[in-house]
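The residues making up each chain are set out below.
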Amino acid sequence: MRVSLRWLEEYVQVTLSADELAHQLTMAGIEVAQVIQVGDFWKNTFVGKIVDIKPHPNADRLQLVTVDYGQEQQPTLVTGASNIAKEDKVPVALLGAMLIDAYSDTPEIKELKPAVLRGIKSEGMVCSAKELGLGDDHEGILILDPEAPLGEPLQNYLGDTILELDLKPNRSDCLAMVNVAREVSALTGERLRQPVTRQIDTPSQPVVRVDIKEPKLCARYAAGLVTEVTIGPSPRWMQDRLLAAGMRPINNIVDITNYVMLEFGQPLHAFDYDKVAEGRIIVRRARYGEHLTTLDGEERELSAGMLVIADPNGPIALAGVMGGLETEVTADTTRILLEAASFNPTSIRRTRQALALPSEASRRFEQGVPPELAPIARDRAIEFIVEIAGGRARSHAADSYVRPQQRPTIELAEADLARLLGMEIPITTAAEKLRPLGFSYRRQDSRLQVTAPLHRLDVSCAADLVEEVARMVGYDNIPTTLPSGPLPDAAPTPLRTWTDRAKQVMVGAGFAEAITYTLTNTTRMERLLPKGISAELTEDLPREVAEAVLPLHAEPLHLKNPFTSEAGTLRTVTLAGLLETLAHNLRRRTDDVHFFEIAPVFLPVRGKLPEERRLLTAVMGQFRTEQWGARVENSFFTIKGAAEQVLQRFGIAGYDFVPVAHPTFHPYRTAAVTVRHGEAERVVGVVGEINAEVSAAFDVDQRALALVLDLNELVAQSRAIQQFTAPSRHPAVVQDLAIVLDAEIPAERVVEEVRAAGGALLESIDLFDVYQGPQVPEGKRSLAYTLTFRAPDRTLNDAEVTTIRDRIIFKLQVSLNAELR
Amino acid sequence: MADETTAPDIPTQLEALEREAEAQLSACAADADFNEWRTTYLGRSGKVTQLLRGLGGLPKEERPRIGQLANTVKQRLAAALEAQQAQLRRNEHAEALKAEALDVTLPGEPVRAGQLHPITQVLNEILGIFERMGFHVVEGPEVEWDRYNFALLNIPADHPARDMWDTFYVDAEPVSNLGSMLLRTHTSPVQVRVMEETPPPVRIVAPGRVYRNEATDASHEAIFYQIEGLAVDDRINMGDLKGVLTAFARQLFGGKTRVRFNCSYFPFVEPGAEVSISCHVCSGNGCRVCKQTGWLEILGCGIVHPNVLRAVNYDPEKYSGFAFGLGVERIAMLKYGIDDIRYFYGNDIRFLEQFR
Ligand SMILES: [Zn+2]
């Protein structure tokens, strides 16, 4: 809503500066998005009158106009416009004036300099609306009102300040000038001057009959009638106000309906009475297959159920949304049927949405127009029509108000003000704050029985009244305190706590946290499978991996109304997004790209919200940079290290890495991460090198490594607080053990055997060398470990350690056919 | 008077001997030199001892004084020897260190550390502030029912306020009572979920991802983060809301930050407010960041609407609460001077690494 202060001053005196008024309105909930100064750059521009027009001697298209601008000197100016006549009042800009360059694409203000046009010297200009910044019209000269004061600086006469309101849906009442004026009056204490309307009743007028078939969708329909009107342009002052409000003048009748809508907030519609069959208005739902050509010339198919205004022959308007072309007011119209109605907001909203046809009228109806307003606005408009377009009128031609609504009274208790605001406000003060806003009330002790003014449909409960009082008192005046109530019981949620801890681990391990889009599409996710490979996996372990962290076989949820097809599906996998991120970054640099993300996937559950499983996903490229650019290769073990770090942080004791062949990964460099769950091993994730074909599909042109863990499952298995063990005060015995055995035997087996044989005194076993090559027989490899023995309560002697060591060696020989190296 | 002729003689000699020894010491450069010097001057048959042999000729009462004097000289010389040796060792050591010289301007060894996404960092900072004020963190689902996202928040179907949120709907069968499945447009549904489960008092903050079906540009993303706050008990009021949010703004943006509450509208609160802070860039004088207003709008809030309380079976006559919701990206952008929201989900490592 654009509020012209010039216009506003008709209803209330504005005593504050525009900026201060804008501030006060904003603080009170009527947000002023912008204060626009109209004509702030005008100077040396005056109201002038054309005293003479002559053709330009050297150019057919130009004219010479002599203007009187209240001074003795009457300059002669050159113009290309043809819409002017003697005696017209026009804006006259003299040298030094600042004008908008109408021929420039950008609104550029330029100083008017002397010019010679086809041999005639011009020392000024008569101006178009565009040159003055008053609109886009550059066809002709802006013709001022004949009453415009001759010689007055244009700034004084046409300069204006526009407050551009950004209204929230609850304050649509401020789509009306009088209601904005009421706010200003309440804020500044200046008296409100509301327009007074009266009814005109010329007898023996043709009939208007109104028949509301859908009283739930149309609470009231008031009609007025004017005959013998003359269609023409509306007066300049009205056009100026419409332009200031951002509306285009059309003709006197349409302009009046728009003007009164802007003034009171009641949308009006004018029909050519002679095109309404039998003068009968029927408010009903559209029937299947009905059509209507709307004012914009579009023929529209109406859905059954849309509310229409019809005559006995069919629909003539989309109620509250747009009029029909056939009954439009044209230059030939002599009889006007004026509609002022109150339509159901939901119905209007649905029709507007279905036809994508927003209008000033639909906007107001959607947010609610009180039925009581209809006759007031109608009478106001009829008065204007008679005054401006002439004719004879019957304001009250018809008024159907099927079920008049009673305004509820709302109780406001002094105690509620204190309770909700934290500030003692006497009920009498509250009453004083409500009165200028148009609220009426009865006081009973410390309570008010309040009736809201008809335009305030948003006020329906005590809390609404509390806000009214608070905003008038000023939010700034409410004290600033801290809650004094009891502290609620609260246990931190493990998922969030562990998410934070897992993030710390990953950051510590050198990964950058990414946040990728949760919306994607199936093509982008299916890149995780080599071409032609089914998402349905038959082998147990790969299938368990898929079910835990890569459920490509699950049908994802799609959006009904995606913004783009790229992001129309809720992802079921996270890895695709991170591989996209990896590729994206590898294009800029080839080393040191390590990302992780902890975020959900959405797994559909029939009839319920999807399961939002939170996954920890990490990816890395082939290389990392160490000191001074040294390029070090990342391996399976690099990312496995991160996985182990996470599992250890979660305090998960029994985890394993089991070789797995999943199509997304390298068949021999990938492990399923399993956690012991009672008797069973449960798959909680996967770690490995990405299948080269898959990397290529993501445009990753180097080896890539990935880790995906089901965080929910890890949280379920986590051990929050590790129990303390006292460090032993007794020295350790440290021994190395190197063995040679079949290269096929997993190292994990060696550790298991050593641990089993070592018993409680074997504190740790740490690998320090893996060797395969000429020093050992073909098909064998050597593994070297550091064994640490320690007793918690005594110093071990060599004999004890030797016994254990011999037992370990024996066990390794027997079980794994290993030899001491 | 014999004292006066013989006694001064020995001190003078001692003094001369000390000076001589000092001179010799300064010429010593190796261990052998020091050993020789020690023998020469301090040894059992060294020069000092020799000199003292002449003590026998002194009167008995003079002897202790001269003996003491000689001891002092000996001690001084021993100390000088030690100092000289230490100095020499230091010099040698210094030479050795010089051979180990490094160019300290070469870059240090990179510590392999990643970094949290700036959204996470700002989120954690904000949540930390509220946690210290007794709020605890709760999370809710990103895919929601209409009932929680709208209906229970006093936004019934076809309410004009629904236009405040452009909503993504999920292609799934609506469920009676719950309505359509959608991507939550705000974190406010967590309020309702918490209140449904918990009797008052309640003090929570709910961070999370939210979705808007909007075109993406420098200040709009279809996906972004919000933090919802809710406090309900038998005495919460607007003053408390102002206090909590003022404390929050000052912790986040600095102790001198001014905080302004203006009346506004969100269907689930009444009275409603918007909160602006004095621009931290220009201290409120007007600049490009605050569009010359001196103020930056940072969040929306208000007193929980009685209809919302009623919907979760809280008695609005007995209980009251406040709620607020803030956009995390907006705060991060203000804090770091980021001018395009799309950086956050571009995941460009060169952007992310700036937030180490
Ligand atoms: Zn600023």
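Computed from a predicted structure; not experimentally measured. (Residues numbered from 1 in each chain as written. Chains lettered and ligands numbered in written order. Predicted model: local features only at pLDDT ≥ 70, side-chain atom pairs only at ≥ 80, totals over all residues. Heavy atoms only, no water.)

### Here we look at the overall build of chain B
When helices and strands are counted, chain B shows 13 helices and nine strands. On C-alpha atoms alone, chain B measures out to a radius of gyration of 42 Å, which is more than a quarter above the 21 Å that the 2.2 N^0.38 rule sets for 356 residues. Dimensions of chain B along its principal axes, counting C-alpha atoms only, are 130 × 45 × 45 Å. By the burial criterion, 53% of the 356 residues in chain B qualify as buried. Within chain B, counting contacts between residues at least 6 apart in sequence, those at least 24 apart form 68% of the total. When the accessible area of chain B is evaluated, it comes to approximately 16,200 Å², of which 49% is carbon and sulfur surface. Side-chain charges of chain B comprise 37 positive and 48 negative groups, with the mean position of each set lying 6 Å from the other. (Helix = DSSP H or I, 4+ residues; strand = E, 2+ residues; numbered from the N terminus. Rg over C-alpha atoms; globule rule 2.2 N^0.38 Å. Buried < 20%, exposed > 50% of the residue type's maximum accessible area, 1.4 Å probe, protein only. Contact = heavy atoms within 4.5 Å. Areas by Shrake-Rupley, 256 points an atom, 1.4 Å probe, with all protein chains shown as cover. Lys, Arg positive; Asp, Glu negative; His and termini not counted. Charge placed at Lys NZ, Arg CZ, Asp CG, Glu CD.)

### A word on helix α5 (residues 236–244) of chain A
Residues and elements named next belong to chain A. Listed in full, the buried residues belonging to α5 are R236, M238, Q239, R241, L242 and A244. Tucked inside the fold, the buried residues of α5 contact β1 (2–4), α1 (5–8), β12 (160–166), α6 (252–264) and α9 (373–389). Of the residues flanking the end of α5, it is G246, one or two places downstream, whose phi is positive at about 90 degrees.

### Observations concerning the confidence of the model for chain B
Residues and elements named next belong to chain B. Chain-level statistics for chain B give a pLDDT mean of 90 and a share of 98% at 70 or above. Every residue in residues 1–5 is under pLDDT 50, and counting partners more than four places away or in other chains gives two contacts. Taken together, the chains of this predicted complex give a pTM of 0.86 and an interface ipTM of 0.87. (pLDDT = per-residue confidence, 0-100.)

### Focus on the domain arrangement of chain A
All names here are of chain A. What the domain assignment reports for chain A is domain 1 (2–39 + 162–188), domain 2 (45–158), domain 3 (209–401), domain 4 (409–472), domain 5 (494–717) and domain 6 (733–820). Computed over C-alpha atoms, the centres of domain 1 and domain 4 are 23 Å apart. Domain 1 puts nine residues into the contact, and the matching count from domain 4 is nine residues. Between domain 1 and domain 4 lies a buried interface of about 840 Å² when both sides are counted; carbon and sulfur atoms form 53% of it. (Domains from an automatic or database assignment. Buried area = accessible area lost by both parts, 1.4 Å probe.)

### Description of the coordination of the zinc ion
For the zinc ion, the protein coordination sphere consists of B:C279 (SG), B:C282 (SG), B:C287 (SG) and B:C290 (SG), at 2.2 to 2.3 Å. Written as a sequence motif, the donor arrangement for the zinc ion is C-x2-C-x4-C-x2-C. (Donors = N, O, S within 2.8 Å, 3.2 Å for Na, K, Ca; no water.)

### Let's talk about the domain arrangement of chain B
Splitting chain B by domain gives domain 1 (2–99) and domain 2 (118–355). Summarising the inter-unit geometry, the C-alpha centres of domain 1 of chain B and domain 2 of chain B are found 86 Å apart.

### Some words on the packing of helix α13 (residues 494–508) of chain A against helix α17 (residues 636–649) of chain A
All names here are of chain A. Axis separation between α13 and α17 bottoms out at 10 Å; the angle between their running directions is 145 degrees. Crossing of α13 over α17 shows right-handed handedness. Residues W498, R501, V505 and M506 of α13 form the contact with α17, whose participating residues are A642, Q645, V646 and R649. When its residues are assigned to classes, the contact of α13 with α17 shows five nonpolar, one polar and two charged. (Axes fitted to C-alpha atoms, helices over the stretch in contact; angles between N-to-C directions. Left-handed = near helix turned anticlockwise from the far one by under 90°. Nonpolar A, V, L, I, M, F, W, Y, C, P; charged D, E, K, R; others polar.)

### Focus: empty space enclosed by the protein
Under the criterion given, the structure shown has two cavities of 30 Å³ or more. Lining of the largest cavity is provided by 13 residues; of these, A:G29, A:N170, A:R171, A:E467 and B:C263 occupy positions nearest its centre. Contributing elements (two or more residues each) for the lining of the largest cavity: α12 (462–473) of chain A together with β6 (259–264) of chain B. Broken down by class, the residue content of the lining of the largest cavity amounts to three nonpolar, three polar and seven charged. Volume-wise, the second largest cavity comes out at about 30 Å³. (1 Å grid on protein atoms, 1.4 Å probe; cavity = no way out; pocket = protein on both sides within 12 Å on 5 of 7 lines; lining within 4 Å. Points joined across faces, edges and corners; volume = space filled by probe spheres on them.)

### Quick word on the sheet that holds strand β11 (residues 124–126) of chain A
All names here are of chain A. If you walk across this open sheet you meet the five strands as β5-β4-β3-β6-β11, and the pairing is antiparallel. Among the strands making up the open sheet, the edge pair consists of β5 (76–79) and β11. Averaged over all adjacent pairs, the angle separating strand axes in this sheet is 45 degrees, with direction ignored. As paired elements, strand β3 (residues 45–56) and strand β6 (residues 89–94) share five bridges and run antiparallel to each other. By the bridge assignment, K49 is partnered in β6 with K89. (Pairing = 2+ DSSP bridges.)

### Looking at the packing of aromatic side chains
Tallying each qualifying case throughout the model produces 26 aromatic pairs over all chains. Three or more aromatic residues joined by ring pairs make a cluster, and in this case those are A:Y517, B:Y336, B:Y343, B:F344, B:Y345, B:F351 and B:F355. Between A:R501 and the ring centre of A:W498, over which it is positioned, the NZ or CZ distance is 4.5 Å. Lying over the aromatic face of A:F623, A:R631 brings its terminal NZ or CZ to 3.7 Å of the ring centre. (Phe/Tyr/Trp six-rings, centres within 6.5 Å; stacked < 30°, edge-to-face > 60°. Lys NZ or Arg CZ within 6 Å of the ring centre and 35° of its normal.)

### As for the sheet that holds strand β24 (residues 409–413) of chain A
Residues and elements named next belong to chain A. Spatially, β24-β26-β25 is the arrangement adopted by the three strands of the open sheet, whose pairing is antiparallel. Here the strands that pair on one side only, and so sit at the sheet edges, are β24 and β25 (440–444). The sheet shows a mean angle of 25 degrees between the axes of neighbouring strands, direction not considered. Summarising the sheet, β24 and strand β26 (residues 447–451) pair through five bridges and their orientation is antiparallel. Across the sheet, the residue bridging to L412 is L448, located in β26.

### A few points about the environment of A:K130
All names here are of chain A. By secondary structure assignment, the location of K130 is in the loop between β11 and α3 (154–158). Classification of K130 as partly exposed rests on a relative accessible area of 26%. Distance in space between the C-alpha atoms of K130 and D211 is 46 Å, their sequence separation being 81 residues. Apart from residues lying up to four places away in sequence, K130 is in contact with I100, A102, G135, D136, D137 and H138.

### Here's the deal with the packing of helix α2 (residues 9–26) of chain B against helix α5 (residues 63–98) of chain B
Two quantities define a packed helix pair, namely the angle between the axes and the distance from one axis to the other. All names here are of chain B. Axis separation between α2 and α5 bottoms out at 11 Å; the angle between their running directions is 5 degrees. Here α2 is positioned roughly parallel relative to α5, judged by the angle of their axes. Residues I10, P11, L14, E18, A21, E22, L25 and S26 of α2 pack against I66, L69, A70, V73, R76, L77, A80, L81 and Q84 of α5. Residue composition of the contact of α2 with α5, by class: 12 nonpolar, two polar and three charged. (Parallel < 35°, antiparallel > 145°, perpendicular 65-115°, else oblique.)

### Re the nonpolar core
Formed by 210 residues in total, the largest nonpolar core has its most connected members in A:Y221, A:L412 and B:F248. Excluding residues that lie within four positions of it along the chain, B:F248 makes contacts with B:I126, B:I129, B:F130, B:M133, B:I298, B:L299, B:L326 and B:I331. Counting residues in each nonpolar core, the second largest holds 46 residues, with B:L152, B:L153, B:L183 and B:Y265 among its members. (Core = buried A, V, L, I, M, F, W, Y, C linked by side-chain atoms within 4.5 Å.)

### As for the side chain of A:K503
Along the chain, A:K503 falls in helix α13. Apart from residues no more than four positions distant in its own chain, A:K503 is found in contact with A:E513, A:F596, A:I598, B:L116 and B:T120.

### Description of the side chain of A:T516
By the secondary structure assignment, A:T516 is in the loop between β27 (512–513) and β28 (519–520). Here A:T516 falls in the buried class, since its relative accessible area comes to 6%. Only 2.9 Å separates the side chain of A:T516 from the side chain of A:R571, close enough to count as a polar contact. In contact with A:T516, other than residues within four places in its own chain, are A:R571, A:G577, A:L578, A:T581, A:E597, B:R209 and B:N347. (Polar contact = N/O pair within 3.5 Å; in protein donor to acceptor, adjacent residues only side chain to side chain.)

### Comments concerning unusual backbone geometry
Residues and elements named next belong to chain B. Residue P201 follows P200 across a cis peptide bond; omega there is 5 degrees. You can see P201 is positioned in the loop between α8 (188–197) and β4 (202–211). The omega angle of the peptide bond from E270 to P271 is -5 degrees, so this bond is cis rather than trans. Looking at where P271 falls in the secondary structure, it is placed in strand β7 (residues 269–278). Phi at N154 is positive, roughly 65 degrees, even though this residue is not glycine. By the secondary structure assignment, N154 is in the loop between α7 (146–149) and β3 (181–183). Its relative accessible area of 19% is what places N154 among the buried residues.

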